[in-house]
Amino acid sequence: MQSRPILWTFRRCPFAMRARLAIHASGVQVELREILLRDKPAAFLETSPKGTVPVIDTGNRVIAQSRDIMLWALGQHDPEDWLAMPQDGHDLIAYCDGPFKTALDHTKYAVRYPDLDMQTERGKALDFLHDLDARLRGSEYLFGPQARMADMAILPFVRQFAHIDFAWFATQGMPDLARWLADFKSSVRFAGVMRKYPPWQSGQDQVLFG
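Described in the following lines is the structure provided in the data block. Note that the coordinates shown come from a computational prediction; the quantities given were computed from them, not determined experimentally. (Residues numbered from 1 in each chain as written. Predicted model: local features only at pLDDT ≥ 70, side-chain atom pairs only at ≥ 80, totals over all residues. Heavy atoms only, no water.)

Details of the overall build of the chain
- Helices and strands together make up the secondary structure of the chain, namely nine helices and five strands.
- Against the compact-globule benchmark of 17 Å for 210 residues, the chain has a radius of gyration of 17 Å, which places it among compact chains.
- Overall size of the chain, expressed as C-alpha extent along the three principal axes, is 50 × 40 × 30 Å.
- A burial count over the chain gives 48% of its 210 residues as buried.
- For the chain, restricting intrachain contacts to residue pairs at least 6 apart in sequence, the fraction spanning at least 24 positions comes to 73%.
- With the model as given, the accessible surface of the chain reaches about 10,400 Å², and the carbon-plus-sulfur share is 50%. (Helix = DSSP H or I, 4+ residues; strand = E, 2+ residues; numbered from the N terminus. Rg over C-alpha atoms; globule rule 2.2 N^0.38 Å. Buried < 20%, exposed > 50% of the residue type's maximum accessible area, 1.4 Å probe, protein only. Contact = heavy atoms within 4.5 Å. Areas by Shrake-Rupley, 256 points an atom, 1.4 Å probe, with all protein chains shown as cover.)

Comments concerning the pattern of salt bridges
- All told, the structure shown has eleven salt bridges when counted by the stated rule.
- One salt bridge connects Lys124 with Glu121, and the closest N-O pair in it is separated by 3.1 Å. Of this pair, Lys124 and Glu121 both sit in helix 5 (residues 118-135), three residues apart, which is roughly one turn of the helix.
- We classify Lys124 as partly exposed; its relative accessible area is 44%. (Salt bridge = Lys/Arg side-chain N within 4 Å of Asp/Glu carboxyl O.)

Overview of the packing of helix 4 (residues 87-108) against helix 5
- Interhelical geometry of helix 4 versus helix 5 gives an angle of 155° and a closest axis separation of 8 Å. Looking at the two axes, helix 4 sits roughly antiparallel to helix 5. The handedness of the crossing between helix 4 and helix 5 comes out as left-handed. Taken together, the residues of helix 5 that come into contact with helix 4 (itself represented by Asp88, Leu92, Tyr95, Cys96, Phe100, Ala103, His106 and Thr107) are Met118, Glu121, Arg122, Lys124, Ala125, Phe128, Leu129, Asp131, Leu132 and Arg135. (Axes fitted to C-alpha atoms, helices over the stretch in contact; angles between N-to-C directions. Parallel < 35°, antiparallel > 145°, perpendicular 65-115°, else oblique. Left-handed = near helix turned anticlockwise from the far one by under 90°.)

Details of the packing of aromatic side chains
- Summed over all chains, the structure comprises nine aromatic pairs.
- Where Phe100 meets Phe161, the ring centres are 6.0 Å apart and the plane angle is 55°; that geometry is what we call tilted. Of this pair, Phe100 sits in helix 4 while Phe161 sits in helix 6 (residues 149-162); the two residues are 61 residues apart in sequence, bridging distant segments of the chain.
- The rings of Tyr95, Phe100, Phe128, Phe161 and Trp168 are connected pair by pair, giving a single aromatic cluster. (Phe/Tyr/Trp six-rings, centres within 6.5 Å; stacked < 30°, edge-to-face > 60°.)

Brief notes about the state of the cysteines
- Summed over the entire model, instances satisfying the criterion amount to zero disulfides.
- For Cys13, which is in no disulfide, the shortest distance to another cysteine sulfur is to Cys96 and amounts to 12 Å. (Disulfide = S-S within 2.5 Å.)

Brief notes about unusual backbone geometry
- Looking along the chain, the bond that leaves Val53 and enters Pro54 is cis, with omega of 0°.
- Looking at the secondary structure, you find Pro54 in the loop between helix 2 (42-47) and strand 3 (55-57).

Some thoughts on helix 1 (residues 14-26)
- Taking 1.5 Å per residue as the helical rise, helix 1 with its 13 residues ought to reach 18 Å, and the 18 Å between its terminal C-alpha atoms agrees with that figure.
- Counting buried positions along helix 1 yields eleven of 13 residues, so the element is predominantly enclosed.
- Once helix 1 ends, the next one or two residues include Gly27, with phi positive near 80°. (Expected span 1.5 Å × (residues − 1).)

With respect to the pairing of strand 1 (residues 6-9)
- Side chains Ile6 and Trp8 of strand 1 all project onto a buried face; the interleaved residues Leu7 and Thr9 project onto the opposite face, where all are buried too.
- You can see the chain leave strand 1, run along helix 1 and come back into strand 2 (residues 30-34), and the turn it takes is right-handed.
- Pairing of strand 1 with strand 3, which is carried by three bridges, proceeds in the antiparallel orientation. Among the inter-strand pairings, Ile6 is bridged to a residue of strand 3, identified as Asp57. (Right-handed = clockwise from strand over helix to strand, strands pointing away. Pairing = 2+ DSSP bridges.)

The structure is reproduced here in structure tokens:
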């Protein structure tokens, strides 16, 4: 029987990033297995037949959705009260994962969607970001002075969108959103979850995380 939950992850994936953020905040210790998406090991595909990250094998069940991994980790230990947010926080995460992520992909990977207008898709993503900027006006985080699950579930995707064209992003007149993102990127926690690990290989020593 495995001694710790096994988290399969890919460093730059925003879904995997949010899972690592919640595990890091919870203090739950897992075995981290970094993969290359172009060279997925058989052991990973046995756990994640769809071949997507993140996925965690807790020893009792496999959790294959990043939001559910966040809830699993925080449900065990939530010392920073990330779960102490209104239903609106969960609604924001759902919108991020749905319409915003779709518009983000249509912008970042526009060449894959020749039938869509990239400027229109980018505008759809901006609508959500302007809403977030308004929510952050006069507030350090989305729901006050403390980070909640919604902040850390959404920030990796805002970061991904911003870095499609950061010079353009910086001219869009969203100062509170820009400050929120900059604080996140310069945080000790972000540095902790973005540490580089070599791709996992069978027989290697465990890499402990959390």
